[in-house]
Amino acid sequence: MVRRLMIQALFFYLVLSTLGTILRLKLIFPLFPDLPYIHLLHAHSHIAFLGWANVALMALIIFFSFPEQGERLYAFKPFFWSLWFINSGLVLAFLAQAYGPISIAFSTLSVVLSVWFAILYFRHHTVSKTSRMAVRFVSTGVILYVSSAVGLVMVALSMAAKIGGEGLFHAGVYFYLHSQYNGWMIFSLLGTLLLFLHEQGIAPDERRLRLSWLLLMSGFLPSYLPQIHFLNLPGWLIALGILGTFGSWLGVFLFWRETFSHMLRSLLVPWLRMLFLYFVAAIMMKYGLEGIGSFPIVAAMIETNRPIIIGYLHLTLLGVVSSYIFLSLFGFGLVADRLGSSPSARSTSGLSTPPAPSARGFVYAYMFLSFAMVFLLFLWGLAIWSGFPVDGGRLNGILAVISGLLAVIGLIPLRTLLTLKNVRHVTELRKRSG
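Summary of the structure given here. No experiment lies behind these values; they were computed from the predicted model shown. All residue numbers here refer to positions counted from 1 along the written sequence of the relevant chain. Thresholds applied to this predicted model are a pLDDT of at least 70 for local features of residues and 80 or more for the giving and counting of side-chain atom pairs; totals over whole chains, interfaces and linings are not thresholded and use all residues. The side-chain numbers reported here are obtained from all heavy atoms of the structure, hydrogens and water having been left aside.

### Quick look at a nonpolar patch on the surface
Without a salt bridge and with relative accessible area above 30%, a residue can belong to a patch; like charges are then joined within 9 Å and nonpolar side chains (Val, Leu, Ile, Met, Phe, Trp, Tyr) within 5 Å. Residue burial considers only the protein chains on display, and all accessible areas are found by Shrake-Rupley using a 1.4 Å probe. In what follows, salt bridge is the name for a side-chain nitrogen of Lys or Arg lying within 4 Å of a carboxyl oxygen of Asp or Glu. Taken together, F246, F295, I297, M301, L382 and W385 make up a surface patch of nonpolar side chains, about 590 Å² in accessible area. Those elements that provide at least two residues to the nonpolar patch are α11 (296-303) and α15 (357-386). The helix count covers DSSP runs of H or I at least four residues long, the strand count covers runs of E at least two residues long, and both are numbered beginning at the N terminus. Its location among the elements puts W385 in helix α15.

Encoded structure:
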């Protein structure tokens, strides 16, 4: 099940990268003139969440939290095929009509999927007594995954019932994004990272991890407030939002203080260590930028600077979430029996096969291309603020090339998984070796 879910996620990674390339090209010349830009934009953004990041994180949670990776759990089969159907329908519906009856119906079905996954998780996942905080992080992520639907309800009410106007619409969009980025995704990836360390026999200090979790949880709702500053919030709520944002940054900092050295020792291959360092730098930068943007004067400036907003979104999705997914794919034992490149697999099963050049090349290329995209977007935004003239056509051309290359190199991990007979869990490798 894990392998099939990862293949599905990587397929939609190729779809979203291709759509991103077309989006940039349409800003330069009339590519596909009958296909409106806004339709492409909605399809690209929705599948980035629902088809790529969410499906991959579900696969990781199943990989570590379910007995036998859910292979014998009958309920996962209809869930798996429902994911394919709904995510494919989302892409086609948004390409055809942007926000319309069909696309809204598929979006509603995606909410049903989140509830379905939460039920499967809480009913069937394995609770480990020695990794209680790992389970707490992952369980919190799953709960916040479901709660993100509140944002979609707010959007639906503003559009269908004309309640709240544009204020409610934008507040709903930001709540959905916040619940996904700073809720479901962050807690899930930190939780699965702890589960990986547990599989390696490493037990970080539970008390410090609990403090990290408390800071992140207590800062979750307050850190949403600066994003809706346009609702003219009172001063005490703005102050609470600033405190919550910096509290979340401190929570992540404490998490890395407790786990950073353990992860470096667990990743025996240098290029995976580099990817891990890249991921950590990206997540710290993400929270640092959120802290700066929590001040109203800065938030007002960012609101009118589209490249900065797009840069932040790509920093989160490419630099944080996608980097972690690829780190887990090559570093957590998922592809060990084919590549021999997983440090965990090599340390537990005695494999001596050198890392596959294709995997190493993919990681280096991904880090360079994703960094280049985020850097150019932020540079573009800074140039707008400084009044420096920018050749938008040339920059969009460069960004289109980068997006296209990200799509092309995505074929490497997809091909790797397609040639695997199965994904083997680290614990199975231990049994095989001992």
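On we go.
### Side note on the environment of Y174
Counting through the fold element by element, Y174 comes out in helix α7 (residues 165-199). The spacing of Y174 and L225 is 51 residues in sequence and 9.7 Å in space, taken between C-alpha atoms. Any two residues whose heavy atoms approach within 4.5 Å are treated as being in contact. Residue contacts for Y174: discarding those within four places in its chain leaves Y224, Q227, I228 and F230.

### Section: helix α8 (residues 206-220)
Every helix has an expected span of 1.5 Å times one less than the residues it contains. With 15 residues, α8 extends 21 Å from end C-alpha to end C-alpha; this agrees with the ideal 21 Å at 1.5 Å per step. Relative accessibility decides the category of a residue: with a 1.4 Å probe and only protein chains considered, values under 20% of the type maximum give buried, values over 50% give exposed, and everything between is partly exposed. Listing the buried residues of α8 in full gives E206, L209, S212, W213, L215, L216, G219 and F220. Whenever two N or O atoms come within 3.5 Å, that pair is a polar contact, provided that in protein one can donate a hydrogen and the other can accept it, and provided that, for residues adjacent in sequence, both atoms are side-chain atoms. In this structure D205 caps α8, since a side-chain oxygen of it lies 2.9 Å from the backbone nitrogen of R207.

### As for the side chain of T259
The topology assignment puts T259 in helix α9 (residues 235-266). Look at T259 and you get buried, because its relative accessible area is 0%. A polar atom in the side chain of T259 sits 2.8 Å from the backbone oxygen of F255. T259 has contacts with L193, L194, L197, P204 and L209, leaving out every residue within four places of it along the chain.

### Structural notes on the nonpolar core
Think of a nonpolar core as a cluster: buried Ala, Val, Leu, Ile, Met, Phe, Trp, Tyr and Cys residues, connected wherever their side-chain atoms sit within 4.5 Å. Ranked by size, the top nonpolar core spans 128 residues in total, and within it W52 and W256 carry the most contacts. Sort the elements by how many residues they give to this core and helix α2 (residues 37-65) lands first, with 18 residues. Sequence-distant contacts of W52, that is, excluding residues within four places in its chain, are made with A9, L10, F12, Y13, L16, I47, S322, I325 and F326. Within the second largest apolar cluster, nine residues are counted, among which are L168, F175, L225 and L237.

### Description of the side chain of H42
With respect to the secondary-structure elements, H42 resides in helix α2. Accessibility expressed as a relative area gives 17% for H42, which makes it buried. Sequence-distant contacts of H42, that is, excluding residues within four places in its chain, are made with F94, A98 and Y99.

### Some details on the packing of helix α1 (residues 2-26) against helix α16 (residues 392-409)
Axes, fitted as lines to C-alpha atoms, cover a helix only where it is in contact. Angles between the N-to-C directions of the axes lie from 0 to 180 degrees. Two elements in contact, α1 and α16, have axes whose closest approach is 8 Å; the angle formed by their N-to-C orientations is 165°. The orientation of α1 with respect to α16, classified from their angle, is roughly antiparallel. Judged by the twist between their axes, the crossing of α1 over α16 is left-handed. Here Y13, L14, S17, T18, G20, T21, R24 and L25 of α1 lie close against α16, whose contacting residues are N396, L399, A400, S403, G404, L406 and A407. Residue type decides the class: Asp, Glu, Lys and Arg count as charged, Ala, Val, Leu, Ile, Met, Phe, Trp, Tyr, Cys and Pro as nonpolar, and the leftover types, Gly among them, as polar. The residue inventory of the contact of α1 with α16, partitioned by class, reads seven nonpolar, seven polar and one charged. In these notes the angle categories are as follows: under 35 degrees is roughly parallel, over 145 is roughly antiparallel, 65 to 115 is roughly perpendicular, and the rest is oblique. We call a crossing left-handed when the near helix sits turned anticlockwise from the far one by less than a right angle, and right-handed when that turn is clockwise.

### Some points on helix α4 (residues 101-124)
Counted at 1.5 Å a residue, the expected span for α4 with its 24 residues is 34 Å, and the 35 Å between its end C-alpha atoms agrees. Within the sequence span of α4, burial applies to S103, F106, S107, S110, L113, S114, F117, A118, L120 and Y121.

### Concerning the packing of aromatic side chains
Centres within 6.5 Å make a pair out of two Phe, Tyr or Trp rings, where for Trp the six-membered ring is used; the pair is then stacked when the planes are under 30 degrees apart, edge-to-face when over 60, and tilted otherwise. According to the stated counting rule, one finds 38 aromatic pairs in the structure shown. Residues W271 and F330 carry aromatic rings whose centres are separated by 6.3 Å and whose planes lie at 70° to one another, so their mutual orientation is edge-to-face. Here F330 lies in helix α12 (residues 306-331) and W271 lies in helix α10 (residues 270-293), a separation of 59 residues in the sequence. Per residue, the accessibility class of W271 equals that of F330, and both read buried. Lying across the ring of F80, R4 places its NZ or CZ 5.7 Å from the centre. Consider the ring centre and the ring normal. A charge sits over the ring if Lys NZ or Arg CZ is within 6 Å of that centre and within 35 degrees of that normal. The lysine or arginine in question, R136, covers the ring of W213, its NZ or CZ lying 5.1 Å from the ring centre.

### Some remarks on unusual backbone geometry
The phi torsion at F32 lies on the positive side, around 50°, for a residue other than glycine. Relative to the helices and strands, F32 resides in the loop between α1 and α2. Positive phi values are uncommon outside glycine, yet N232 reaches one of about 55°. If you trace the backbone, N232 turns up in the loop between α8 and α9.

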